[in-house]
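Chain by chain, the residues:
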Amino acid sequence: MSRRRQKPDDDEINAFRQALSEAGVRPMQHNRADPGRPRRAEEAAQARRAAATDAGNQNASGRTSDGRVDPVRPSTYLDFALPDLPYRTRSELKKGRLGWQAGLDLHGYTIDEARQELESFLHEAEAERARCVLIVHGKAWGASANYPVIKSHVNAWLREWPSVLAFCSATPIDGGTGAVYVLLRRQR
């Protein structure tokens, strides 16, 4: 059980401040710790700080790799799930019985554009606490490749995304092997 405290009145606050003053307690002038040694040259510290910030921004821009992926055939059924996902949940996802709250269509995008759109979409879905989303990647062959490029990359990217619990190809009414249902971990 918690009790609500009353806000102290001005007399109590003044008495407390006077007691602190009499005890020799002084207000802090700054909020930095004193390491006991002289500070480093500011220019060098600023350069290191800027380099660290830039490196962090490069890694934070995307959580998906942009390297080589294993090609998949247009009719290949995509299926992935973390090992500890309950069987019933995975079965419901495969049957299309988990209603999807948002969808993304990647038709017509280049690889880089598709990657940015997918990452942005997944961030938004996580922020809105969506449980299941639909991603339409299509089955079109790439202009310079003999396999569906976007489908192959989506297959790899979703496996790397930290909040993806499972994904599988959609039912025919939602796009069949040209789309995937994605089950997301809800953030607390």
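Above this note sits the structure.
Everything quoted here is computed from the prediction, not taken from an experiment.

Undergrad: Please clarify how helix H4 (residues 111-127) should be interpreted in this entry.
TA: Residue pairs three or four apart in sequence face the same way in an α-helix, which turns once every 3.6 residues. Look at H4: 24 Å from first C-alpha to last across 17 residues, which is about the 24 Å you get at 1.5 Å a residue. Regarding H4, the residues found buried are Ala114, Arg115, Leu118, Glu119, Phe121, Leu122, Ala125 and Glu126. On an axial view of H4, the arc spanned by its buried residues comes to 165°, and they lie on one face. Opposite its buried face, H4 presents the exposed residues Asp112, Gln116 and Ala127, each directed more than 90 degrees away. Structurally, H4 contributes buried residues whose contacts are with strand S2 (102-105), strand S3 (132-136), helix H5 (149-160) and strand S5 (179-184). Positive backbone phi, approximately 60°, marks Arg129, located one or two places after H4.

Undergrad: How should a nonpolar patch on the surface be read in this particular structure?
TA: Taken together, the side chains of Phe16, Leu20 and Val25 present a nonpolar region at the surface, about 280 Å² in accessible area. Mapped onto the elements of the fold, Phe16 is located in helix H1 (residues 10-22). Residue Phe16 is classed as exposed on the basis of its relative accessible area, which comes to 55%.

Undergrad: Please clarify how the packing of H4 against H5 should be interpreted in this entry.
TA: Between two packed helices, both the angle of their axes relative to each other and the distance between the axes serve to describe the pair. The geometry of H4 relative to H5 is characterised by a closest axis approach of 11 Å and an angle of 40° between their N-to-C directions. It follows that H4 is oblique to H5 by the angle criterion. As H4 runs across H5, the sense of the crossing is right-handed. Contacts from Ile111, Ala114, Arg115, Leu118 and Leu122 of H4 reach H5 at Val149, Ile150, His153, Trp157 and Leu158. Split by residue class, the contact of H4 with H5 holds eight nonpolar, one polar and one charged.

Undergrad: What am I meant to see in the pattern of salt bridges here?
TA: When the charged atoms of two side chains lie near each other, side chains of opposite charge can form a pair. Scanning all chains against the criterion turns up four salt bridges. Across the pair Lys94 and Asp79 runs a salt bridge whose closest N-O atoms are separated by 3.1 Å. Of this pair, Lys94 sits in helix H3 (residues 87-94) while Asp79 is found in strand S1 (residues 79-81), placing the two residues 15 residues apart along the sequence. Residues Glu92 and Arg97 are paired through a salt bridge, measuring 3.7 Å at the closest nitrogen-oxygen approach. Taking relative accessible area as the criterion, Glu92 reaches 25% and is therefore assigned partly exposed. Here Arg97 falls in the exposed class, since its relative accessible area comes to 54%. When salt bridges that share partners are traced, they join Asp79, Arg90 and Lys94 into one network.

Undergrad: Which parts of the structure should I look at to understand the pairing of S3?
TA: Each regular strand displays side chains that alternate between the two surfaces of the sheet. Counting buried positions along S3 yields five of five residues, so the element is predominantly enclosed. Burial of the side chains of S3 extends over both faces: Cys132, Leu134 and Val136 are buried on one face and Val133 and Ile135 on the other. Two strands pair when backbone bridges link them, and S2 and S3 are joined in this way by four bridges, in the parallel orientation. When the sheet's bridge partners are listed, Ala102 is paired in S3 with Val133. Note on the crossover from S2 through H4 to S3: the handedness is right-handed. Bridge count between S3 and S5: five bridges; the pairing is antiparallel. Paired with Val136 across the two strands is Ala179, which belongs to S5.

Scoring rules and cut-offs
Residues numbered from 1 in each chain as written. Predicted model: local features only at pLDDT ≥ 70, side-chain atom pairs only at ≥ 80, totals over all residues. Heavy atoms only, no water. Helix = DSSP H or I, 4+ residues; strand = E, 2+ residues; numbered from the N terminus. Expected span 1.5 Å × (residues − 1). Buried < 20%, exposed > 50% of the residue type's maximum accessible area, 1.4 Å probe, protein only. Arc of directions from axis to C-beta. Contact = heavy atoms within 4.5 Å. Patch = residues over 30% accessible without salt bridge, like charges linked within 9 Å, V, L, I, M, F, W, Y side chains within 5 Å. Areas by Shrake-Rupley, 256 points an atom, 1.4 Å probe, with all protein chains shown as cover. Salt bridge = Lys/Arg side-chain N within 4 Å of Asp/Glu carboxyl O. Axes fitted to C-alpha atoms, helices over the stretch in contact; angles between N-to-C directions. Parallel < 35°, antiparallel > 145°, perpendicular 65-115°, else oblique. Left-handed = near helix turned anticlockwise from the far one by under 90°. Nonpolar A, V, L, I, M, F, W, Y, C, P; charged D, E, K, R; others polar. Pairing = 2+ DSSP bridges. Right-handed = clockwise from strand over helix to strand, strands pointing away.

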